[in-house]
2 protein chains.
Amino acid sequence: MPERTRFVLDERDMPTAWYNVLPDLPTPLDPPLGPDGNPIGPEALAPLFPMELIKQEVSTDRYIDIPGAIIDVYKTYRPSPLQRARQLEKNLGLPEGVKIFYKYEGVSPAGSHKPNTAIAQAYFNKQEGINKISTETGAGQWGSALAIAGALFGIEIEVFMVKVSFNQKPYRRILMETYGATVHASPSNLTNAGRHVLERDPDSTGSLGIAISEAVEVAATNEDMHYSLGSVLNHVCLHQTIVGQEAILQMEMAEAEPDVVIGCVGGGSNFAGISYPYYYRRKQGLSNARLVAVEPKACPTLTAGDYRYDWGDEAKMTPQMLMYTLGHDFVPAGIHAGGLRYHADAPTLCNLVHNDEIEAVAVHQVACFEAAVQFARAEGILPAPESSHAIRVAIDEALAAKDAGEDKTVLFNLSGHGHFDLSAYEAYNAGTLIDYDFASGTHVEED
Amino acid sequence: MPERTRFVLDERDMPTAWYNVLPDLPTPLDPPLGPDGNPIGPEALAPLFPMELIKQEVSTDRYIDIPGAIIDVYKTYRPSPLQRARQLEKNLGLPEGVKIFYKYEGVSPAGSHKPNTAIAQAYFNKQEGINKISTETGAGQWGSALAIAGALFGIEIEVFMVKVSFNQKPYRRILMETYGATVHASPSNLTNAGRHVLERDPDSTGSLGIAISEAVEVAATNEDMHYSLGSVLNHVCLHQTIVGQEAILQMEMAEAEPDVVIGCVGGGSNFAGISYPYYYRRKQGLSNARLVAVEPKACPTLTAGDYRYDWGDEAKMTPQMLMYTLGHDFVPAGIHAGGLRYHADAPTLCNLVHNDEIEAVAVHQVACFEAAVQFARAEGILPAPESSHAIRVAIDEALAAKDAGEDKTVLFNLSGHGHFDLSAYEAYNAGTLIDYDFASGTHVEED
């Protein structure tokens with residue numbers, strides 16, 4: 001009988017509810033704080049978000065049904081495949097007992113996991129009569145996903161794109177525009193937040209924190225407009241749990257249980273997507289998997305940040321949340337994994353890390369690209385630079401098991417393809433890629 | 001019961017043999033001719049191709065088993081999904097009885113159907129001890145696919161890339177290099193064929209015909225090197241039939257039979273992939289599907305070419321084959337669908353068109369991009385410019401059925417995603433895209 005490599009689910013077996021981690025957190029989530037420093041209730045979010053998303057943000061229901069209209073759109077690219085990385089295993093010389101599996105989200109129309117929440121957010125906004133949404137984007141993954149969702153549901157999308165990416169990655173901008181979105185380079189002159197930054201630093205190349213401020217301001221000052229965030233918030237992490245729930249079913253098809261589940265972390269929603277369903281599975285006594293969040297050493301929020309209340313954006317437009325943070329005005333070094341350049345993380349993820357339920361590790365980008373190329377030349381798929389962080393640690397975990405003579409089943413989330421990131425690979429191929437190290441306050445030369 | 005949208009096959013249900021159209025052609029295929037104008041036998045191809053591929057080139061077996069090692073690599077991205085385009089149907093206002101399905105090959109690591117044959121060709125070369133392969137590529141789809149296959153099987157790949165694409169599409173070049181391939185701009189100074197072109201026209205931007213000459217010359221003059229072609233030849237069309245065979249199984253899952261099967265045509269292998277298995281199904285009396293090959297009006301080989309013997313390349317390095325051709329030295333206008341800029345077509349396809357078994361139609365690129373954007377905003381996926389030709393005709397076929405009040409089930413092959421073609425979409429978005437018309441000998445302004 002031939003060996004199984006690819007585990008696909010029928011659309012009829014796709015999970016029909018999202019998994020909500022809130023009721024299962026080891027300690028209750030601390031409330032967000034308003035401008036006066038006092039806790040705010042869900043109603044404070046009403047100018048920015050539709051009521052259904054606000055309800056999800058604070059819901060204590062373990063499962064939240066996915067509306068049929070969202071399922072219908074999910075079915076244009078989901079369930080996504082789960083693969084055994086047989087050729088990579090062979091190239092690494094792994095023994096029989098050490099296995100690597102990956103869930104692949106790059107098959108979505110945006111080439112990443114981001115549409116899982118973009119589609120949901122667009123749908124719930126449309127249901128409440130909202131026809132315009134603003135958002136921010138770094139390298140453009142999130143903006144592309146929301147642009148697609150906007151096109152599908154007939155919603156105008158206005159994107160504030162971090163200026164360095166706007167200039168360096170025109171293709172992502174064109175992609176958003178092709179779906180009908182309007183894209184501005186951030187900081188822009190369109191908002192107080194943007195103008196304020198430009199006054200201090202006319203050459204500012206922007207940051208996710210600044211772009212969030214601009215997008216929030218535009219939504220807050222336009223009555224018929226809402227705002228959408230691509231990570232961090234509870235409801236965003238919620239929507240991504242479709243990934244991990246599918247993975248559980250597919251790993252069952254593979255008759256394997258992961259010993260370790262790995263994902264990269266920017267704001268945390270990608271990692272939440274693959275890991276939270278396994279966290280619950282562990283609580284059920286069905287799994288012993290370690291859950292490992294991987295972040296860049298240039299922006300090591302979980303491993304080097306302070307656990308304290310902080311704003312989600314540069315201009316303090318958002319509520320404060322209890323997070324691991326490097327400071328709301330922190331501008332990370334220009335690593336190529338633009339989606340991992342956020343100063344803080346999802347409060348639910350921070351809670352789980354703080355309670356030792358989830359491990360965090362930080363890695364350098366050159367080592368990640370090395371792993372990405374090794375993966376590409378074995379499995380075919382060229383990974384997004386963000387996803388390469390998960391690959392690095394997946395390979396390291398597998399090799400450690402090999403060295404220790406132990407069995408281990410590794411599962412990681414390959415959150416996207418790298419077809420928009422070839423300039424990063426060009427730098428890696430040319431040997432000109434540089435590592436940045438937050439801890440030493442400077443970059444270190446690659447070895 | 002929810003409506004079905006996505007039809008996925010388990011890896012264990014993937015076809016295990018390729019379908020070979022040769023024994024089922026309405027008239028025998030005319031033999032290729034050598035330099036002296038006389039028919040050549042398979043042995044003449046031995047300097048360029050491994051014996052297994054030469055056997056496939058002339059085999060009269062209807063089915064040829066796919067070796068397990070190729071199946072194993074196919075399983076890293078196959079079976080590919082088949083989707084019902086429900087949102088597109090809705091946006092087009094189609095009645096109940098008019099349905100659009102598409103097979104999606106953009107999920108492969110190269111983002112197109114090309115790995116289906118690249119993997120097979122690399123495997124059979126490796127089996128015969130070949131460790132170096134040369135090839136040509138236009139926009140880079142084929143070169144990327146062979147670079148990936150080379151990485152997987154440990155074969156050095158040398159690619160001659162049409163200069164205009166080499167300069168305009170650096171990302172495809174970087175992609176090939178990341179997989180370990182060497183890429184030259186063609187015409188180059190590395191070959192007699194290239195030097196000859198450059199002497200006449202130092203500013204030549206190249207063509208597929210010239211690049212083929214260079215790649216063939218390099219392989220022919222290096223004893224340990226073989227050559228690989230991404231389309232046209234019988235064995236290439238053969239390998240692509242995995243696509244149509246999967247589609248037949250998936251359409252059965254959908255309980256639907258196509259009335260028309262549509263694919264774009266450059267060299268013909270993509271179209272062969274989706275249509276030849278349906279051609280055989282028609283011969284079996286199981287299908288009445290019309291088979292429609294779509295080509296660009298800028299390079300309308302099947303609709304405006306002569307049916308005669310011609311060379312496959314500019315410098316007459318290849319044998320002559322009986323094809324529809326615009327002339328081996330024809331350099332098509334710079335349409336964005338680089339993969340459709342070939343002066344002739346697969347001899348098997350030409351045979352079937354000549355015998356009225358397959359229809360051919362030519363379309364303008366602006367109308368194709370219009371269809372592509374309409375598709376993207378409905379189904380999410382941004383199509384490759386090549387694939388947009390199939391979408392244009394699929395939409396036209398569906399609308400014609402709607403207007404006529406007839407039922408019709410349309411199936412087309414979405415051969416690749418457009419994530420490497422954003423500059424083309426930028427031109428379309430800006431309204432600066434121009435149509436080129438071979439018939440009038442000049443370009444016509446877009447309307």
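1. Let's talk about the overall build of chain A
Next up, step 1: Looking only at helices and strands, chain A features 16 helices and 17 strands.
Next up, step 2: A compact globule built from 447 residues would reach a C-alpha radius of gyration of about 22 Å, and chain A, at 20 Å, matches this within 12%.
Next up, step 3: If you line up chain A on its principal axes, its C-alpha atoms span 60 × 50 × 40 Å.
Next up, step 4: Looking at chain A residue by residue over its 447 residues, the buried ones come to 66%.
Next up, step 5: The contacts in chain A between residues at least 6 apart in sequence include a share of 75% that link residues at least 24 apart.
Next up, step 6: On chain A, roughly 14,800 Å² of surface is accessible, and the fraction owed to carbon and sulfur atoms is 48%.
Next up, step 7: One way to put it: in chain A the 33 positive side-chain charges average out to a point 5 Å from where the 58 negative ones average out.

2. Focus on the relation of the copies chain B and chain A
Next up, step 1: For the pair chain B and chain A, the superposition axis carries a translation of 0.0 Å, the fit reaches an RMSD of 0.0 Å, and the rotation angle comes to 180°. Given the turn and translation reported, the copies of this chain are related as if by a two-fold rotation axis. Distance from the rotation axis, computed per C-alpha, reaches its smallest value in chain B at Val107 of chain B: 2.8 Å.
Next up, step 2: Of the residues that chain B buries at the interface, 100% are likewise interface residues in chain A, meaning the two copies contact each other through the same surface.

3. So, the sheet that holds strand E9 (residues 225-227) of chain B
Two pairing modes exist for strands in a sheet, parallel and antiparallel, and in both the strands are linked by backbone hydrogen bonds.
All names here are of chain B.
Next up, step 1: The parallel open sheet is built from four strands, whose spatial order is E8-E7-E6-E9. The two strands at the open ends of the sheet, each matched to only one other strand, are strand E8 (182-186) and E9. Each strand axis lies, on average, 25° off the axis of its neighbour in the sheet, ignoring direction.
Next up, step 2: Packed on one face of the sheet, helix H7 (residues 170-178) meets strand E6 (132-137), strand E7 (156-162) and E8 and runs near 170° to E7.

4. As for helix H1 (residues 51-58) of chain B
Residues and elements named next belong to chain B.
Next up, step 1: Of the positions making up H1, those classed as buried are Leu53, Ile54, Gln56 and Glu57. Buried positions in H1, seen along its axis, are confined to an arc of 160° and lie on one side of it.
Next up, step 2: Looking at the buried residues of H1, the elements they touch are strand E2 (17-19), strand E3 (63-65), helix H4 (115-127) and helix H10 (234-253).

5. What to know about the pairing of E8 of chain B
Residues and elements named next belong to chain B.
Next up, step 1: With four of five residues buried, E8 lies mostly within the body of the structure.
Next up, step 2: As paired elements, E7 and E8 share five bridges and run parallel to each other. Bridging from a neighbouring strand, Val162 pairs with Ser186 of E8.

6. Brief notes about the nonpolar core
One recurring pattern in soluble globular proteins: nonpolar side chains tend to sit buried together.
Next up, step 1: Grouped together as the largest cluster of nonpolar side chains are 221 residues, with contacts concentrated most on Trp18 of chain A together with Trp18 of chain B.
Next up, step 2: Of the residues forming this core, the biggest block, nine residues, is contributed by helix H5 (residues 141-153) of chain B.
Next up, step 3: The next biggest cluster of nonpolar side chains, apart from the first, holds 58 residues, and it includes Tyr102, Ala398 and Val410 of chain A together with Ala401 of chain B.

7. Overview of unusual backbone geometry
Residue and element names in this part refer to chain A.
Next up, step 1: Cis geometry marks the peptide bond from Arg78 to Pro79; its omega dihedral reads -15°.
Next up, step 2: The residue Val232 is not glycine, and still its phi comes out positive at about 70°.
Next up, step 3: Within the secondary structure layout, Val232 lies in the loop between strand E9 (225-227) and helix H10 (234-253).

8. A look at the sheet that holds strand E14 (residues 359-363) of chain B
All names here are of chain B.
Next up, step 1: One open sheet accounts for seven strands, arranged E1-E4-E5-E15-E10-E11-E14; its pairing is mixed. One side of each edge strand has no neighbouring strand; the edge strands of this open sheet are strand E1 (6-7) and E14.
Next up, step 2: Here H10 sits on the sheet and contacts E1, strand E4 (82-84), strand E5 (98-104) and strand E15 (408-414); the angle it forms with E5, its principal contact strand, is near 140°.
Next up, step 3: Across the sheet, helix H15 (residues 385-404) lies against E5, strand E10 (260-264), strand E11 (290-296), E14 and E15, angled at about 175° from E15, the strand it touches most.

9. Some words on the interface of chain B and chain A
Next up, step 1: Listed by partner, the interface residues are 49 residues for chain B and 49 residues for chain A.
Next up, step 2: Of the roughly 4,400 Å² buried at the junction of chain B and chain A (both faces included), carbon and sulfur atoms supply 53%.
Next up, step 3: Looking at the side of chain B facing chain A, the largest losses of area belong to Arg6, Tyr171 and His419 of chain B, adding up to 16% of the total buried there.
Next up, step 4: At the boundary of chain B and chain A, one finds six salt bridges.
Next up, step 5: Among the ionic pairs, Arg173 of chain B bridges to Glu426 of chain A, the shortest N-O distance being 3.2 Å.
Next up, step 6: Between chain B and chain A we count 29 residue pairs in polar contact (both at pLDDT 80 or more) in total.

10. Focus on helix H11 (residues 269-283) of chain A
Residues and elements named next belong to chain A.
Next up, step 1: Here H11 spans 20 Å end to end across 15 residues, near enough to the 21 Å set by a 1.5 Å rise per residue.
Next up, step 2: Along H11, the helix axis deviates most sharply at Ser275, where the bend reaches about 40°; the proline Pro277 sits within four residues downstream.
Next up, step 3: Burial analysis of H11 places 13 of its 15 residues in the buried class, which makes it a mostly covered element.
Next up, step 4: Immediately downstream of H11, the backbone of Gly285 shows phi near 80°, a positive value.

11. Observations regarding the packing of aromatic side chains
Next up, step 1: One pass over the structure, following the stated rule, counts 33 aromatic pairs over all chains.
Next up, step 2: Relative to Tyr77 of chain B, the ring of Tyr74 of chain B has its centre 6.5 Å away and its plane inclined at 75°; by these criteria the two rings are edge-to-face.
Next up, step 3: By relative accessible area, which is 0% here, Tyr74 of chain B ends up buried.
Next up, step 4: Grouping aromatic residues by their ring pairs yields a cluster made of Trp18, Tyr123, Phe124 and Phe153 of chain A.
Next up, step 5: The ring of Phe166 of chain A carries the charged tip of Arg173 of chain A above its face, separated from the ring centre by 5.6 Å.
Next up, step 6: In this arrangement the basic side chain of Lys316 of chain B is found over the ring face of Trp311 of chain B, its NZ or CZ atom lying 4.6 Å from the centre.

12. Section: the side chain of His389 of chain B
Residues and elements named next belong to chain B.
Next up, step 1: With respect to the helices, strands and loops of the structure, His389 is situated in helix H15.
Next up, step 2: With a relative accessible area of 1%, His389 lands in the buried category.
Next up, step 3: A polar contact of 3.0 Å, which involves the side chain of His389, links it to the backbone oxygen of Pro385.
Next up, step 4: Setting aside residues up to four positions removed in sequence, His389 forms contacts with Cys264, Val294, Glu295, Pro296, Ala337, Leu340, Val363 and Cys368.

13. Description of the confidence of the model for chain A
Residue and element names in this part refer to chain A.
Next up, step 1: Put simply, chain A has an average pLDDT of 95, and 98% of its residues get 70 or more.
Next up, step 2: Across residues 443-447 the pLDDT falls below 50, and counting only partners more than four positions away or on other chains, this stretch makes 12 contacts in the model.
Next up, step 3: Across the assembled chains, the prediction reports ipTM 0.94 with pTM 0.95.

14. Section: the packing of helix H4 (residues 115-127) of chain A against H10 of chain A
Between two packed helices, what matters for the description is the angle formed by their axes and the separation of those axes.
All names here are of chain A.
Next up, step 1: Where H4 meets H10, the axes come as close as 8 Å, and the angle between the chain directions of the two elements is 125°. Relative to H10, the element H4 lies oblique. In the packing of H4 onto H10, the handedness of the crossing is right-handed. On H10, the residues that touch Asn116, Thr117, Ala120, Gln121 and Phe124 of H4 are His235, Val236, His239, Gln240, Ile242 and Val243.
Next up, step 2: Grouping the constituent residues of the contact of H4 with H10 by class yields five nonpolar, six polar and no charged.

15. Structural notes on the environment of Ala424 of chain B
Residue and element names in this part refer to chain B.
Next up, step 1: Here Ala424 lies in helix H16 (residues 422-430).
Next up, step 2: When the C-alpha positions of Ala424 and Ala384 are compared, they lie 9.7 Å apart, and in sequence the two are 40 residues distant.
Next up, step 3: Ignoring anything within four residues of it in the chain, the contact list for Ala424 reads His336, Phe369 and Leu433.

Rules used in this analysis
Residues numbered from 1 in each chain as written. Chains lettered and ligands numbered in written order. Predicted model: local features only at pLDDT ≥ 70, side-chain atom pairs only at ≥ 80, totals over all residues. Heavy atoms only, no water. Helix = DSSP H or I, 4+ residues; strand = E, 2+ residues; numbered from the N terminus. Rg over C-alpha atoms; globule rule 2.2 N^0.38 Å. Buried < 20%, exposed > 50% of the residue type's maximum accessible area, 1.4 Å probe, protein only. Contact = heavy atoms within 4.5 Å. Areas by Shrake-Rupley, 256 points an atom, 1.4 Å probe, with all protein chains shown as cover. Lys, Arg positive; Asp, Glu negative; His and termini not counted. Charge placed at Lys NZ, Arg CZ, Asp CG, Glu CD. Least-squares fit on C-alpha atoms with pLDDT ≥ 70 in both. Pairing = 2+ DSSP bridges. Axes fitted to C-alpha atoms, helices over the stretch in contact; angles between N-to-C directions. Arc of directions from axis to C-beta. Core = buried A, V, L, I, M, F, W, Y, C linked by side-chain atoms within 4.5 Å. Buried area = accessible area lost by both parts, 1.4 Å probe. Salt bridge = Lys/Arg side-chain N within 4 Å of Asp/Glu carboxyl O. Polar contact = N/O pair within 3.5 Å; in protein donor to acceptor, adjacent residues only side chain to side chain. Expected span 1.5 Å × (residues − 1). Bend = angle between axes of the 7 residues up to and from the residue. Phe/Tyr/Trp six-rings, centres within 6.5 Å; stacked < 30°, edge-to-face > 60°. Lys NZ or Arg CZ within 6 Å of the ring centre and 35° of its normal. pLDDT = per-residue confidence, 0-100. Parallel < 35°, antiparallel > 145°, perpendicular 65-115°, else oblique. Left-handed = near helix turned anticlockwise from the far one by under 90°. Nonpolar A, V, L, I, M, F, W, Y, C, P; charged D, E, K, R; others polar.

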